[in-house]
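# Notes for the structure review
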Amino acid sequence: MNRYLTVAEVSAAARRLVSRYPGAGRLRRVGTSRAGRPLEMLSVGHGPAHVLVVARPHPDEPVGAVTALALAERVARGDGRSPATDPARVTWDVVLCLDPDGAALSEGIEEATAGPAPALERYFRAAFRPVAAEQPEWAPIESSRLPESQALFDLIDERRPVLQCSLHGIEAGGTFAQLTGGLPGFAGGFHTAAADLSVPVQHGTFDALYWENPAPGVHVLPPPENAGRLAAGSENIGRSTWCAPQRYGGVTAIVEVPMWASALADDPSPHPYAVRTLRGLSRLVRDGGEQVTTVLDKARGFLPPPEESAPRRVLEWMADGLYDLVADSWQPLARQAAESGGRVTTAQVCALDVVARRQPLRAAGLLLRLLSATDDPAAPALHDELHALFTAWCEDFTHALGLRWVPVRDQVDLQSRTALAAAECALRSAR
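A short tour of the structure in this document, coming up. For clarity, every value in this text was computed on a predicted model and none was experimentally measured.

Thresholds applied
- Residues numbered from 1 in each chain as written.
- Predicted model: local features only at pLDDT ≥ 70, side-chain atom pairs only at ≥ 80, totals over all residues.
- Heavy atoms only, no water.
- Phe/Tyr/Trp six-rings, centres within 6.5 Å; stacked < 30°, edge-to-face > 60°.
- Helix = DSSP H or I, 4+ residues; strand = E, 2+ residues; numbered from the N terminus.
- Buried < 20%, exposed > 50% of the residue type's maximum accessible area, 1.4 Å probe, protein only.
- Lys NZ or Arg CZ within 6 Å of the ring centre and 35° of its normal.
- Axes fitted to C-alpha atoms, helices over the stretch in contact; angles between N-to-C directions.
- Parallel < 35°, antiparallel > 145°, perpendicular 65-115°, else oblique.
- Left-handed = near helix turned anticlockwise from the far one by under 90°.
- Contact = heavy atoms within 4.5 Å.
- Nonpolar A, V, L, I, M, F, W, Y, C, P; charged D, E, K, R; others polar.

## Details of the packing of aromatic side chains
- This model, assessed by the stated rule, comprises five aromatic pairs.
- Ring plane angle 5° and centroid distance 5.6 Å describe the contact between Phe186 and Phe190, whose orientation is recorded as stacked. Highlighted residues: Phe186 and Phe190, both in helix α7 (residues 186-196), separated by four residues, approximately one helical turn.
- Phe186 sits in the buried class, given a relative accessible area of 1%.
- Among the aromatic side chains, those forming a connected cluster through ring pairs are Tyr123, Phe124, Trp260 and Trp405.
- The ring of Tyr273 carries Arg276 above its face, with NZ or CZ at 4.5 Å from the centroid.

So this is what it looks like as structure tokens:
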């Protein structure tokens, strides 16, 4: 498979798999989204140990759904090359899409990223990511549980997985994994898979900037008493679905693979101008956010209200301090480098560069979508104004980080092999 799939295509593929392997796979509804869409789980194998796979927890990260099907196919056909794929020993429970409502607002990513070398511009025009309080994995640390979150918590309590594998994707950079506990031996299989597919391993990442880092690209959640090392907004991460398997001795692996790779992601050399560059990136995300918000201010009177429009809610959320939160979150790293000459690598700067550029692009893509959908006479001029910024930012992003497209089949292969490596380690640890 060398393209992403819609939710409907994933569901249809799961049904075909169940038909092809009678008795090996079972498909059932495990919940209902806020908008009434089904949450489906494909279970393959009959073993006593459970691996829970969560696909598409973020709707703008479509690779996980294709990976989930690839993993289920491998177990269903009885691949005996790995203990983790032995259907007599392990049951793989695959949630096909955790956020179908968000995925419906991201439909178009499949076409936007089709072809041998998709452009960032097409991706960001199609992508949608909800506010944090509406992201099923993350919502419990911010507010009450969503029905999608509750369905996942219920599955964790029912299955008691030795491993929960959350399948994510990042727009650009390198591949990395976040673990809620130790998985001895995991790094070796992960690094081998990345090397075989020529995908850089991300040395340092915004998502786990101050987590334990036992091996390149592997980050382990700090213990609760060290919550101060977490990024802003994640202090209550223990409430998230990621940490729920811990009550049964299980571990969660969050597996990130890039759509576009940058050779800078695995460059461990000291960055020659780290402090100046980090400060520049803080300005970049703030300035970009201010420019999008300026257009939003002019359009608010004729856009759909936030309570009726998820994209509008995202824009208001981002305008209400998110750009500053992101820019401020890596200032301790800049201060440390300035005060003590601390070593900041090119790879770490690359990871933060990606975040600084993607935040305004996410907002601009959503606002362009809303401006295109309205017939207000002021909309075309605002659209043209924002589109000029948007295209320039995409071009700068591509050239500044030397981005190259990673074929979907390679993204899926890397994510599958990483999930299998994590499962093998978790099974060994559970003996």
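Moving on from the coordinates now.
## Overview of the packing of helix α9 (residues 310-329) against helix α11 (residues 346-373)
- Packing of α9 against α11 brings their axes to within 10 Å, and their N-to-C directions diverge by 160°. On the basis of the axis angle, α9 is roughly antiparallel to α11. The chirality of how α9 crosses α11 is left-handed. Contacts from Pro311, Arg312, Val314, Leu315, Met318, Leu322, Tyr323 and Val326 in α9 reach Val355, Gln359, Pro360, Ala363, Leu366, Leu367 and Leu370 in α11.

## Describing the packing of helix α8 (residues 274-299) against α9
- Orientation of α8 relative to α9, taken along the N-to-C sense of each, is 160°, at an axis distance of 9 Å. Overall, the two elements α8 and α9 adopt an arrangement that is roughly antiparallel. Judged by the sense of rotation from one axis to the other, the crossing of α8 with α9 is left-handed. Every residue of α9 that contacts α8 at Ser282, Val285, Arg286, Gly289, Val292, Thr293 and Leu296 is listed here: Arg312, Leu315, Glu316, Ala319, Tyr323, Asp324, Val326, Ala327 and Asp328.
- Class assignment of the residues belonging to the contact of α8 with α9 gives a composition of eight nonpolar, three polar and five charged.

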